[in-house]
Amino acid sequence: MTRHQTQQQSGPGRLEPGTRQRAQLPSRIADIAWTSLWVLVALWAVWASVGVVRGVTAWGYCVGAWVLLAVALAMRVVVIRRRTRM
């Protein structure tokens, strides 16, 4: 085997219909979407908390951000648990 053949065989594969990579694509896209949502809400919660401490932001924004963060995290855990059961 040459170096080129080894790299080609160990790559991610093609996304043709019926392949394993194609079947995993929706799950991976959902993972990326949930992770980005969680990161954005976490940043908002921290930003609102800092605003409350500085006296710039109302308590409602801070509480709302932390509640949304808790809901997003709980939903993420539920999705992961359901996926591993199947």
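All values reported here derive from a predicted model rather than from experimental measurement.

**As for the overall build of the chain**
So, step 1. When its secondary structure is counted, the chain shows three helices and zero strands.
So, step 2. Order of helices (α) and strands (β) in the chain, N terminus to C terminus: α-α-α.
So, step 3. Counting only residues that meet the buried cut, the chain has 14% of its 86 residues in that class.
So, step 4. With an accessible surface of roughly 7200 Å², the chain has 66% of that area assigned to carbon and sulfur atoms.

**Notes on the nonpolar core**
So, step 1. Val41, Ala42, Ala45, Ala65 and Leu69 form the largest nonpolar core, which has five residues in total.
So, step 2. Put simply, the parts of the chain that give this core at least two residues each are helix H2 (20-54) and helix H3 (59-85).
So, step 3. Ranked by the residues each element gives to this core, the list is headed by H2, at three residues.
So, step 4. In this structure, Ala65 is in contact with Val41, Trp44 and Ala45, ignoring residues within four places of it in sequence.

**Quick look at H2**
So, step 1. Compared with an ideal rise of 1.5 Å per residue, which puts 35 residues at 51 Å, H2 spans 51 Å between its outermost C-alpha atoms and is within 8% of the ideal.
So, step 2. Its axis deflected by about 35 degrees at Pro26, H2 carries its strongest bend there.
So, step 3. Of the positions making up H2, those classed as buried are Val41, Ala42, Ala45, Ala48, Gly51 and Val52.
So, step 4. Residue Gly55 follows H2 closely and has a positive phi angle near 85 degrees.

**Observations concerning the pattern of salt bridges**
So, step 1. Tallied over the entire structure, the rule returns one salt bridge.
So, step 2. In this structure, the salt-bridge partner of Arg76 is Asp31, at a minimum N-O distance of 3.1 Å. With Arg76 in helix H3 and Asp31 in helix H2, this residue pair connects regions lying 45 residues apart in the sequence.
So, step 3. Look at Arg76 and you get buried, because its relative accessible area is 18%.

The rules behind the values
Residues numbered from 1 in each chain as written. Predicted model: local features only at pLDDT ≥ 70, side-chain atom pairs only at ≥ 80, totals over all residues. Heavy atoms only, no water. Helix = DSSP H or I, 4+ residues; strand = E, 2+ residues; numbered from the N terminus. Buried < 20%, exposed > 50% of the residue type's maximum accessible area, 1.4 Å probe, protein only. Areas by Shrake-Rupley, 256 points an atom, 1.4 Å probe, with all protein chains shown as cover. Core = buried A, V, L, I, M, F, W, Y, C linked by side-chain atoms within 4.5 Å. Contact = heavy atoms within 4.5 Å. Expected span 1.5 Å × (residues − 1). Bend = angle between axes of the 7 residues up to and from the residue. Salt bridge = Lys/Arg side-chain N within 4 Å of Asp/Glu carboxyl O.

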